[in-house]
Amino acid sequence: MDINVVINQMLELFMILTLGYLATKKKVVSPKFGTQLSNFILSITLPCMMLASVASIPEQTDHKEVLMMFVIAILFYLVMPFIAYLIARILLVKREDRHLYMYMTIWSNVGFMGFPVIASIFGEGAIFYATIFNLIFNVSNFTLGIMLMSKDGIKALDRKKFLSPGMIASIAAVTMFAFKLKLPELVNDTLKTVGSTTSALAMIVIGIALAGIPIKSVFTEIRLYPYVIIKQVLLPLSAWLVLRNVITNPYLLGIVIVIIAMPVATSAVLFANRYENNVALATKAVFITTLASVVTIPIISYLLM
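This section reports on the structure supplied with the text. Since this is a predicted model, take the numbers as computed values, not measurements.

Procedures and definitions
Residues numbered from 1 in each chain as written. Predicted model: local features only at pLDDT ≥ 70, side-chain atom pairs only at ≥ 80, totals over all residues. Heavy atoms only, no water. Helix = DSSP H or I, 4+ residues; strand = E, 2+ residues; numbered from the N terminus. Rg over C-alpha atoms; globule rule 2.2 N^0.38 Å. Buried < 20%, exposed > 50% of the residue type's maximum accessible area, 1.4 Å probe, protein only. Core = buried A, V, L, I, M, F, W, Y, C linked by side-chain atoms within 4.5 Å. Contact = heavy atoms within 4.5 Å. Lys, Arg positive; Asp, Glu negative; His and termini not counted. Salt bridge = Lys/Arg side-chain N within 4 Å of Asp/Glu carboxyl O. Polar contact = N/O pair within 3.5 Å; in protein donor to acceptor, adjacent residues only side chain to side chain. Phe/Tyr/Trp six-rings, centres within 6.5 Å; stacked < 30°, edge-to-face > 60°.

The next thing to look at is the overall build of the protein chain. Looking only at helices and strands, the protein chain has 15 helices and zero strands in total. Over its C-alpha atoms the protein chain spans a radius of gyration of 18 Å, differing by no more than 12% from the 19 Å that the globule rule assigns to 305 residues. Overall, the protein chain is about 50 × 45 × 45 Å in size when its C-alpha atoms are taken along their principal axes. Counting the 305 residues in the protein chain, one finds 53% classified as buried.

Take a look at the structure:
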């Protein structure tokens, strides 16, 4: 893993994000366009990227590694709620914001930002492993995630939201790999072409969303500074210390750690808005952690070398 490549890729993604930010500020596009584009990515380009990733997996891929990724992802989302609660208490988060902080800690930006970054660092074949992680992400996000963010708890669960295009594509990709199913070349090339737009479009969407945040108010949220260090540096490093004794393949280990090091998921804002949580805090957290990832991801990648 070349650290210069990682830095360049992160800077490139951030520059694309900046284009989305400037386009909104200059009224080239509206915030409504960002919402529509977000839905387009989640429903079309991201699922295409997941399905196309199966064709990029080397034929000699060890099925034990795939199974290990499943186990790691499941264990991660089982253990993280307890760690997230501990972090919220350490940071002396107000009771009314505790569940939001827990949500932000458990669910990182695996899809929107994680997939493009992982593809940039490890190659397109790595997307399949991220897809496995994303499958467990979706299952936990649309169950425990909703229960944390909603005042209604388990009553707020929505089966229709659970069976999203991303969830269906994740299951399809894993099924295709398991049964060695191949799509026609034309179909796969189409999926790959459409899916390849995800990276740029996702960064533009984040830039559009960030344009709606008053910059001054973002940097006055003092608690987010130690939170960034804990979530995006200490947490992935702690995971590395534990998992390096379990995952012997450095390629697979790197993918897992980079996923853990991702910034707060943009779904934190969507869920906070839908379930009348602290939308302002969620938006600030997405901004700060996304901005910090330009520095923290290369640092984590360097330490993994």
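Turning next to unusual backbone geometry. At L92, a position not held by glycine, the phi torsion is positive, near 55 degrees. Within the secondary structure, L92 sits in the loop between α3 (63–90) and α4 (95–106). A relative accessible area of 66% means that L92 is categorised as exposed. Its identity is not glycine, yet K180 carries a phi of approximately 55 degrees, on the positive side. With respect to the helices, strands and loops of the structure, K180 is situated in the loop between α8 (165–178) and α9 (185–195). Judged by relative accessible area, which is 66%, K180 ranks as exposed.

Counting residues in hydrophobic clusters, the biggest one holds 107 residues, and the most contacted among them are Y77, Y101 and V117. Sorting elements by how many residues they give to this core places helix α6 (residues 126–149) first, with 14 residues. Setting aside anything within four residues of it in sequence, one finds Y101 in contact with A88, L91, V93, R223, L224, Y227 and L281.

In this section: the side chain of R98. Tracing the sequence through the fold places R98 in helix α4. Among buried charged residues, R98 stands out as having no salt bridge; its nearest opposite-charge side chain is E96, 7.6 Å away.

Summarising the element assignment, H99 is placed in helix α4. Residue H99 is classed as partly exposed on the basis of its relative accessible area, which comes to 40%. At a separation of 3.3 Å, a polar atom in the side chain of H99 contacts the main-chain carbonyl oxygen of L148.

Here the focus is the packing of aromatic side chains. Evaluated as defined, the whole model comprises eleven aromatic pairs. Look at Y101 and Y227: their rings are 5.3 Å apart centre to centre, the planes differ by 90 degrees, and that puts the pair in the edge-to-face class. Linking Y101 in helix α4 with Y227 in helix α12 (residues 224–243), this pair joins segments that are 126 residues apart in sequence. Ring plane angle 40 degrees and centroid distance 4.8 Å describe the contact between F128 and F177, whose orientation is recorded as tilted. Of this pair, F128 sits in helix α6 while F177 sits in helix α8; the two residues are 49 residues apart in sequence, bridging distant segments of the chain.

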